Amino acid sequence: MTDLFDFQAHANRFAVMGNPVEHSQSPRIHRLFARQFGIDMEYRRIQVDTGGFAQAVSHFAARGGAGLNITVPFKVEAWQLCRRPGNRLSARARHAQAVNTLRFDRKRALFGDNTDGIGMIRDLENNLGWGIAGRRVLVLGAGGAVRGVAGALLERRPDSLTIANRTAPKAQALAGRLSADGFGGNGIGVAGCGYQQLERTAFDLIINGTSASLGGGLPEMDAGCIGTHSVVYDMMYAGSPTVFMRWACANGAGQASDGLGMLVEQAAASFHLWHDRRPDTAPVISALRATLST
């Protein structure tokens, strides 16, 4: 972590802000990216207290900061900051109503983006080889993590997208907003429901967007949603298969993966926004996986 009140100017200065943030892999990821291009950059962790996010961003800009990654619980606050006059949002951040990447433009104006969705898509399609177009997709959860990726999933034109959540109205509200934003057009079925309302039919792609795996828990979905052709993706990651991955495979899922690749791919999209260079993610994913496995 670093001192928010160190006003010494630094070129090419970046950081990740969150609470908690001490275990973030972002500094290592971005240093590995920078090494690929010979870029001299500083990247730190900054833990921010509740209620102090806007001030922390302002101080970072005053110290010559060039960009920030934003993690829980400040992604919605970052989106709200970027809605202020003089600041801007990308289309995907507007749809997600959450921001995970900030770039400081001229006169410290903010540009907010959300790279979570494209990060997951690139991991699913490029790294894992799992197609989305024409598939029946089930997403578990309706919080900020799911809001960040739902639009990107629909842009890949699945046959349908079902959002299931412990509280059905929250899932239904998100599905309704996605349809209102035009994502449900062209015959794509978008629906929201509670876990108990899910049909006992196998989905092609099941994405766990809840944080249950962090506490060793499981979403309350029925195993009837899993078939031998189903591929299962947990947005959380760990040194060994998550509890959700193990449960899904025990109930017949054909393949399962955690979200480590998504973490690296969303970081690569942030790096590209800041430096206009696209890093090679494969060696970075391998390096992190080796560290987590030891």
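Whatever comes next refers back to the structure up there.
Just so it is clear, the structure is predicted and the values come from calculations on it, not from any experiment.

Student: Please provide a residue-by-residue account of the pairing of strand β6 (residues 110–113), values included.
Tutor: Of the two faces of β6, the one carrying L110 and G112 and the one carrying F111 and D113 are both buried. Inspection of the sheet shows strand β4 (residues 88–89) paired to β6 by two bridges, in the parallel sense. Counterpart to L89 in the pairing with β6 is G112. Bridging between strand β5 (residues 101–104) and β6 involves four bridges; their strand directions are antiparallel. Bridge pairing links F104 to L110 in β6. Taking the residues that link successive antiparallel strands as the turn, the β5-β6 hairpin has five residues, and the phi of K107 there is positive, at about 55°.

Student: Could you give an account of the sheet that holds strand β2 (residues 42–47), naming the residues involved and the relevant values?
Tutor: Reading across from one edge, β2-β1-β3-β5-β6-β4 is the order of the six strands in this open sheet, with mixed pairing throughout. Edge positions in the open sheet fall to β2 and β4, since each of these has one partner strand only. Note that strand β3 (residues 65–70) and β5 share three bridges and pair antiparallel. Within β5, the position partnered with N69 by the bridge is T101. Sheet contacts for helix α1 (residues 26–37): β1 (13–18), β2 and β3; angle to β2, the most-contacted strand, approximately 170°.

Student: Any details on the nonpolar core? Residues and values, ideally.
Tutor: Counting residues in hydrophobic clusters, the biggest one holds 29 residues, and the most contacted among them are M120, L124, L153 and I207. If you list the elements that add at least two residues to this core, you get α5 (116–127), β7 (136–140), α6 (144–155), β8 (160–165), α7 (168–180), β10 (205–208) and β11 (231–234). Ranked by residue count, the leading element in this core is α6, at six residues. Setting aside residues no more than four positions away along its own chain, I207 makes contact with M120, L124, V137, L138, V139, L140, L153, Y233 and M235.

Student: Any details on helix α8 (residues 243–250)? Residues and values, ideally.
Tutor: Turning to α8, its buried residues number three or more, namely V243, F244, M245, W247 and A248. Those residues of α8 hidden inside the fold are in contact with β7, β10, β11 and β12 (255–257). Immediately beyond the C-terminal end of α8, within one or two residues, lies G252, with a positive phi of roughly 105°.

Student: Account for the side chain of T101, with residues named and values stated.
Tutor: For T101, the location among the structural elements is in strand β5. The exposure class assigned to T101 is buried, which follows from its relative accessible area of 0%. Side-chain polar atoms of T101 contact the side chain of S270, separated by 2.7 Å. Sequence-distant contacts of T101, defined by excluding residues within four places in its chain, comprise L68, N69, F111, G112, D113, T115, S270, L273 and W274.

Student: Lay out the packing of α5 against α6 in plain terms, naming residues and giving numbers.
Tutor: Between α5 and α6, the least distance of the axes is 7 Å, while the angle of their chain directions is 55°. Comparing the axis directions of α5 and α6 gives the class oblique. Relative to α6, α5 is oriented so that their crossing is right-handed. Where α5 abuts α6, its residues D116, G117, I118, M120, I121 and L124 lie against G148, V149, A152 and L153. Of the residues contributing to the contact of α5 with α6, the split by class is seven nonpolar, two polar and one charged.

Student: Can you tell me about the pattern of salt bridges, naming the residues and giving the values?
Tutor: Counted by the stated rule, this structure contains ten salt bridges. The residue E42 makes a salt bridge to R13 at a minimum N-O spacing of 2.9 Å. On the criterion of sequence distance, the pair formed by E42 in strand β2 and R13 in strand β1 is long-range, its members being 29 residues apart. Of the residues examined, E42 reaches a relative accessible area of 18% and is grouped as buried.

Student: Run through the sheet that holds β8, naming residues and quoting values.
Tutor: Strand order across the open sheet formed by six strands is β9-β8-β7-β10-β11-β12, with parallel pairing between neighbours. Each edge of the sheet is formed by a strand with only one pairing partner; in this case those strands are β9 (189–194) and β12. When the angles between neighbouring strand axes are averaged without regard to direction, this sheet yields 15°. Bridge count for β10 against β11 is four bridges, and the pairing is parallel. Looking across to β11, one finds that I207 is bridged to Y233.

Basis of the calculations
Residues numbered from 1 in each chain as written. Predicted model: local features only at pLDDT ≥ 70, side-chain atom pairs only at ≥ 80, totals over all residues. Heavy atoms only, no water. Buried < 20%, exposed > 50% of the residue type's maximum accessible area, 1.4 Å probe, protein only. Helix = DSSP H or I, 4+ residues; strand = E, 2+ residues; numbered from the N terminus. Pairing = 2+ DSSP bridges. Contact = heavy atoms within 4.5 Å. Axes fitted to C-alpha atoms, helices over the stretch in contact; angles between N-to-C directions. Core = buried A, V, L, I, M, F, W, Y, C linked by side-chain atoms within 4.5 Å. Polar contact = N/O pair within 3.5 Å; in protein donor to acceptor, adjacent residues only side chain to side chain. Parallel < 35°, antiparallel > 145°, perpendicular 65-115°, else oblique. Left-handed = near helix turned anticlockwise from the far one by under 90°. Nonpolar A, V, L, I, M, F, W, Y, C, P; charged D, E, K, R; others polar. Salt bridge = Lys/Arg side-chain N within 4 Å of Asp/Glu carboxyl O.

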